[in-house]
Amino acid sequence: MKILVVNAGSSSLKYQLINLADESVIAKGNCERIGIDGRITHAAGGKKIEKDTAFPTHTEAFMSVVEELTKGEAAVISGMDEIGAVGHRVVHGGEVYSGTVSATEEVIKTIEDLSKLAPLHNPANALALRACKQVIPESVPQAAVFDTAFHATIPEKAYIYGMPYEFYEKHNVRKYGFHGSSHSFVCKELALHLGKDISTMKIVSCHLGNGSSITAIDGGKSVDTSMGFTPLDGVLMGTRAGALDASAVTYMMKKLNVSVDEMDSILNKKSGLLGIGGFSDNRDLTAAIKAGDKKAKLAGDILRYGIKKYIGAYAAAMNGLDYVIFTGGIGENATDVREDIVGDLQFFGIELDKEVNSATHGDLARVTKNGSKTEVWVVPTNEELLIARNTKELFNL
């Protein structure tokens, strides 16, 4: 069974063709600069194709994807009817969708309506869904898999903000949470690897990358998460400020005489590791720290301290902690970040194996010592595979 997984942005369209018989990637690629000029990168069977192609809209991008999959130099199928289904990543499902659904016209319209909550992502997701339906045969079912769906189990006490309740009732302002596909994948993957019933496990999952979020997972269900109404909330990120006093925002808006949109840009694109330490990429930040840059070190310290606080808070919220998972680009590869966060959490029964931790880069591995009451694991994320699995389950393929 072959599933095509699509992850569309406003000017890009990433894809993977996955064989669910062995969960291997048959082909993958990316259509870039949609609406500007266009370029496609396609890889399959050891071959890699790169070429400039005009992509006025997402429809032309999908046509190019079909061409490369079926007729190009690195073709892997004879026709799109060989594909069992298409799974689309959709960022925001609001309170409407708590699971994977068939991408009907009604669903696409709802995704468009929810664009007010995710203006950078949902419009592109809807465009991709419509474009795909124009190009892919009607006989191939399509699914929408929502980033926010995993967090639909968060209780009201955790998702309601201390604002007038009518803000929630009339304007849908609440915590939604993001990176749900990643958090869902890694906790299930760890349970499968250990041969444990996930309903018995208390996990804090740390998805750390340019965007980072921490999630409390009790019995396989999200019960709280650090990102909120938007992906700006939570810990310090590459360019995002994370949690802060709202009055600091209004104070600086008055002080600098900037607009709402200007301040939104500052908080999302000019803050975080970049705003404090001068570098948005953790690798560059680490190099600066080693070179003695004090502001870079401060930014790194704030990041580590914030994650550590969330681990403690979520252990309290769940009344226990069995596992801490690190995933994402930083979580899987930055050994120093992991050590600084959990290296002195003996209070939770964590006994870090520094040698194993230092040798673990992007591999599934336990980085705590034998007998550690709370185990720390590195679990590589694979959101595309989760989308493929959810799509297969939805359509009973």
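Since this is a predicted model, take the numbers as computed values, not measurements.

Undergrad: What is the right way to read the packing of aromatic side chains from this model?
TA: Here a ring pair, both rings aromatic, is described through the centre-centre distance and the interplanar angle of the planes. Tallied over the full model, the rule gives six aromatic pairs. When the ring of Tyr97 is compared with that of Phe146, the centres are 4.8 Å apart and the planes differ by 10°; the resulting orientation is stacked. Of this pair, Tyr97 sits in the loop between β6 (85-90) and β7 (101-102) while Phe146 sits in strand β8 (residues 142-146), and the two are 49 residues apart along the sequence. Each member of the pair, Tyr97 as well as Phe146, carries the same accessibility label: buried. Pairing Tyr176 with Phe229 gives two aromatic rings, centres 6.2 Å apart and planes at 40°, and the pair type is tilted. One end of the pair, Tyr176, is in the loop between α5 (165-171) and α6 (180-194); the other, Phe229, is in the loop between β11 (221-225) and α7 (246-256), and 53 residues separate them in sequence. You can call Tyr176 buried: its relative accessible area is 3%. Taken together, the aromatic side chains of Tyr159, Tyr165 and Tyr168 make up a single cluster linked through ring pairs.

Undergrad: Can you help me understand the environment of Gly272 in this one?
TA: Positionally, Gly272 belongs in helix α9 (residues 272-277). Under the relative-accessibility criterion, Gly272 is labelled buried at 4%. Taking the C-alpha atoms as reference points, Gly272 and Ile302, separated by 30 residues in sequence, lie 9.4 Å from one another. Those residues in contact with Gly272, other than ones at most four positions away along the chain, are Leu236, Met237, Gly238, Thr239, Arg240 and Ala241.

Undergrad: It is not clear to me how the side chain of Thr327 should be interpreted in this structure. Could you clarify?
TA: Here Thr327 shows up in strand β12 (residues 323-327). At a separation of 3.1 Å, a polar atom in the side chain of Thr327 contacts the main-chain amide nitrogen of Thr381. Once residues lying within four places of it in the same chain are set aside, the contact partners of Thr327 are Ser182, Val186, Cys206, His207, Leu208, Glu332, Val379, Pro380 and Thr381.

Undergrad: Just checking my understanding: could you explain helix α10 (residues 282-290) for this structure?
TA: In an α-helix, one turn spans 3.6 residues; hence positions three or four apart end up facing the same way. Buried within α10 are the following residues: Asn282, Leu285, Thr286 and Ala288. Looking straight down α10, one finds its buried side chains confined to an arc of 160°; they lie on one side. Exposed residues pointing more than 90 degrees away from the buried face of α10 are listed as Arg283 and Lys290. Just downstream of α10 lies Gly292, where phi reads positive at about 95°.

Undergrad: Help me understand the environment of Arg283 in this model?
TA: Examined against the element boundaries, Arg283 turns out to sit in helix α10. According to the relative accessible area criterion, Arg283 is exposed, its value standing at 65%. Once the C-alpha coordinates of Arg283 and Lys196 are considered, the two residues, 87 residues apart in sequence, prove to be 35 Å apart.

Undergrad: Can you help me understand the pattern of salt bridges in this one?
TA: Opposite charge on two side chains allows them to pair when their charged atoms are near. Within this structure, the stated rule accounts for 18 salt bridges. Note that Asp52 and Arg39 form a salt bridge whose closest N and O atoms lie 2.8 Å from each other. Of this pair, Asp52 sits in strand β5 (residues 47-52) while Arg39 sits in strand β4 (residues 39-44), placing them 13 residues apart in sequence. Residue class for Asp52 comes out exposed when judged on its relative accessible area of 61%. Residue classification places Arg39 among the partly exposed residues on the basis of a relative accessible area of 27%. When the shortest N-O distance is used, the salt bridge between Arg304 and Asp336 registers 3.1 Å. Taken together, the positions of Arg304 in helix α11 (residues 294-318) and Asp336 in helix α13 (residues 335-342) put the pair 32 residues apart, joining distant regions of the chain. The exposure class of Arg304 is buried, given its relative accessible area of 8%.

Undergrad: Which parts of the structure should I look at to understand the sheet that holds strand β2 (residues 13-19)?
TA: Strands pair in a sheet through their backbones, by hydrogen bonds, and they do so in one of two ways: parallel or antiparallel. As summarised here, the arrangement of the eight strands in space is β5-β4-β3-β2-β1-β6-β8-β7, forming an open sheet in which the pairing is mixed. Of all strands in the sheet, those with a lone pairing partner are β5 and β7, marking the two edges. Of the strand pairs in this sheet, β7 and β8 are connected by two bridges, and their pairing is antiparallel. Residue pairing for β8: Val101 is matched across the bridge by Ala144. Where helix α1 (residues 58-70) meets the sheet, its contacts fall on β1 (2-8), β2, β3 (24-32), β4, β5 and β6, and the angle it forms with β2 comes to roughly 35°. Lying over the sheet, helix α2 (residues 105-113) contacts β6, β7 and β8, oriented at roughly 30° with respect to β8.

Scoring rules and cut-offs
- Residues numbered from 1 in each chain as written.
- Predicted model: local features only at pLDDT ≥ 70, side-chain atom pairs only at ≥ 80, totals over all residues.
- Heavy atoms only, no water.
- Phe/Tyr/Trp six-rings, centres within 6.5 Å; stacked < 30°, edge-to-face > 60°.
- Helix = DSSP H or I, 4+ residues; strand = E, 2+ residues; numbered from the N terminus.
- Buried < 20%, exposed > 50% of the residue type's maximum accessible area, 1.4 Å probe, protein only.
- Contact = heavy atoms within 4.5 Å.
- Polar contact = N/O pair within 3.5 Å; in protein donor to acceptor, adjacent residues only side chain to side chain.
- Arc of directions from axis to C-beta.
- Salt bridge = Lys/Arg side-chain N within 4 Å of Asp/Glu carboxyl O.
- Pairing = 2+ DSSP bridges.
- Axes fitted to C-alpha atoms, helices over the stretch in contact; angles between N-to-C directions.

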